[in-house]
Amino acid sequence: MTNPRGLFRGDRNAVAPISIAAVSPALNPSSAQICLDKAGQLWSYAHGRLGKLVGQHFAEVRYTEGEALLKEGILIARESGGLTIVQEEGRFHRLSPDGVLSRGQPYPWPRVPGLRAICEDRHGNVWFGTETDGLFRLAPDGSYEQFSTANGLSGNKVRAIFQDREGNIWVGTDGGGLNRFKRRVLQVYDQADGLGEN
């Protein structure tokens, strides 16, 4: 976790500070998103700059041409290894498990929605939760599907997306309750099912 004093590591018994000097103020862990990938590598993302923890320092990762990302976005670990960086201006980037940063691909849908939650599932689908347009599922082949109240989603304001150990995708909405995708079948849970509120 981070706070204004830097980066901290916690376990069941204690929380201890980690002494890390960033190579750039933009990579300062106190103001960055922190992500641990499937291989145990720690990453930092802030102000459009991606950092990889090497020893006690974050080293900036750029394209092979030397360019930085330079856009705000959301950092998530991929199930298959590496990272996905999703930028609200309409692109997402992939960092392969061997550290190669690919140039950003545009979202395939016509309108760029306000992003609120992102999750990549074990099959390589990336799920995008939006402020007003419901949920998008982007398949590895580039095709996508949108879920909204028009086709069964309980609410269009998505606040959280989570994959459980069985591979089910859970989608929390603001005012619409909880949704579960189990083997591509959508089920909705609300106050009638015992939720405190929708």
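Computed from a prediction, not measured in an experiment: that's the story for all the values here. (Residues numbered from 1 in each chain as written. Predicted model: local features only at pLDDT ≥ 70, side-chain atom pairs only at ≥ 80, totals over all residues. Heavy atoms only, no water.)

1. Some details on the overall build of the protein
Okay, so step 1: A count of helical and extended segments in the protein gives zero helices and 20 strands.
Okay, so step 2: Put simply, the protein has 198 residues, and 43% of those count as buried.
Okay, so step 3: Counting contacts in the protein only where the partners sit at least 6 residues apart, residues at least 24 apart contribute 35% of the total.
Okay, so step 4: About 10800 Å² of surface is accessible on the protein, with carbon and sulfur atoms providing 48% of the total. (Helix = DSSP H or I, 4+ residues; strand = E, 2+ residues; numbered from the N terminus. Buried < 20%, exposed > 50% of the residue type's maximum accessible area, 1.4 Å probe, protein only. Contact = heavy atoms within 4.5 Å. Areas by Shrake-Rupley, 256 points an atom, 1.4 Å probe, with all protein chains shown as cover.)

2. Remarks on the packing of aromatic side chains
Okay, so step 1: If you walk through the whole model with that rule in mind, you get six aromatic pairs.
Okay, so step 2: For the ring pair phenylalanine 92 and tyrosine 107, a centre distance of 6.5 Å and an interplane angle of 20 degrees mean the geometry is stacked. One end of the pair, phenylalanine 92, is in strand β11 (residues 91-95); the other, tyrosine 107, is in the loop between β12 (105-106) and β13 (115-120), and 15 residues separate them in sequence. We note that phenylalanine 92, like tyrosine 107, is buried. (Phe/Tyr/Trp six-rings, centres within 6.5 Å; stacked < 30°, edge-to-face > 60°.)

3. Digging into the pattern of salt bridges
Okay, so step 1: Counted according to the given criterion, the structure contains six salt bridges.
Okay, so step 2: Between arginine 78 and glutamate 120 there is a salt bridge, and its shortest N-O distance comes to 3.5 Å. Taken together, the positions of arginine 78 in the loop between β9 (73-77) and β10 (83-87) and glutamate 120 in strand β13 put the pair 42 residues apart, joining distant regions of the chain.
Okay, so step 3: Here arginine 78 falls in the buried class, since its relative accessible area comes to 14%.
Okay, so step 4: Glutamate 120 gets classed as buried once you look at its relative accessible area, which sits at 4%.
Okay, so step 5: Each of Arg116, Glu131, Arg159 and Asp174 takes part in one network of salt bridges that share partners. (Salt bridge = Lys/Arg side-chain N within 4 Å of Asp/Glu carboxyl O.)

4. Considerations on the pairing of β9
Regular strands show a simple pattern: their side chains alternate between the two faces of the sheet.
Okay, so step 1: Relative to β10, β9 is paired through five bridges, and the arrangement is antiparallel. In the sheet register, leucine 75 faces β10, and the bridge partner there is isoleucine 85.
Okay, so step 2: Where β9 folds back onto β10 in an antiparallel hairpin, the turn is made up of five residues, including glycine 81, whose phi is positive at roughly 105 degrees. (Pairing = 2+ DSSP bridges.)

5. Considerations on the environment of valine 61
Okay, so step 1: Examined against the element boundaries, valine 61 turns out to sit in strand β8 (residues 57-61).
Okay, so step 2: The class of valine 61 is buried, set by a relative accessible area of 14%.
Okay, so step 3: Discounting residues that sit within four places of it in the chain, valine 61 has contacts with Trp43, Leu50, Lys52, Leu95 and Leu101.

6. What to know about the sheet that holds strand β16 (residues 144-147)
Okay, so step 1: Spatially, four strands are ordered β13-β14-β15-β16 in an open sheet, and the strand pairing comes out antiparallel. Here the strands that pair on one side only, and so sit at the sheet edges, are β13 and β16. Shown here is a sheet whose adjacent strand axes are inclined to one another by a mean of 15 degrees, direction ignored.
Okay, so step 2: Here β13 pairs with strand β14 (residues 126-130) via five bridges, running antiparallel. If you follow leucine 115 over to β14, its bridge partner there is threonine 130. (Axes fitted to C-alpha atoms, helices over the stretch in contact; angles between N-to-C directions.)

7. Regarding the environment of histidine 47
Okay, so step 1: Tracing the backbone shows histidine 47 in the loop between β6 (42-46) and β7 (49-54).
Okay, so step 2: With relative accessibility at 46%, the residue histidine 47 sits in the partly exposed group.
Okay, so step 3: Residues histidine 47 and glutamine 33, spaced 14 residues apart in sequence, show a C-alpha to C-alpha distance of 9.8 Å.

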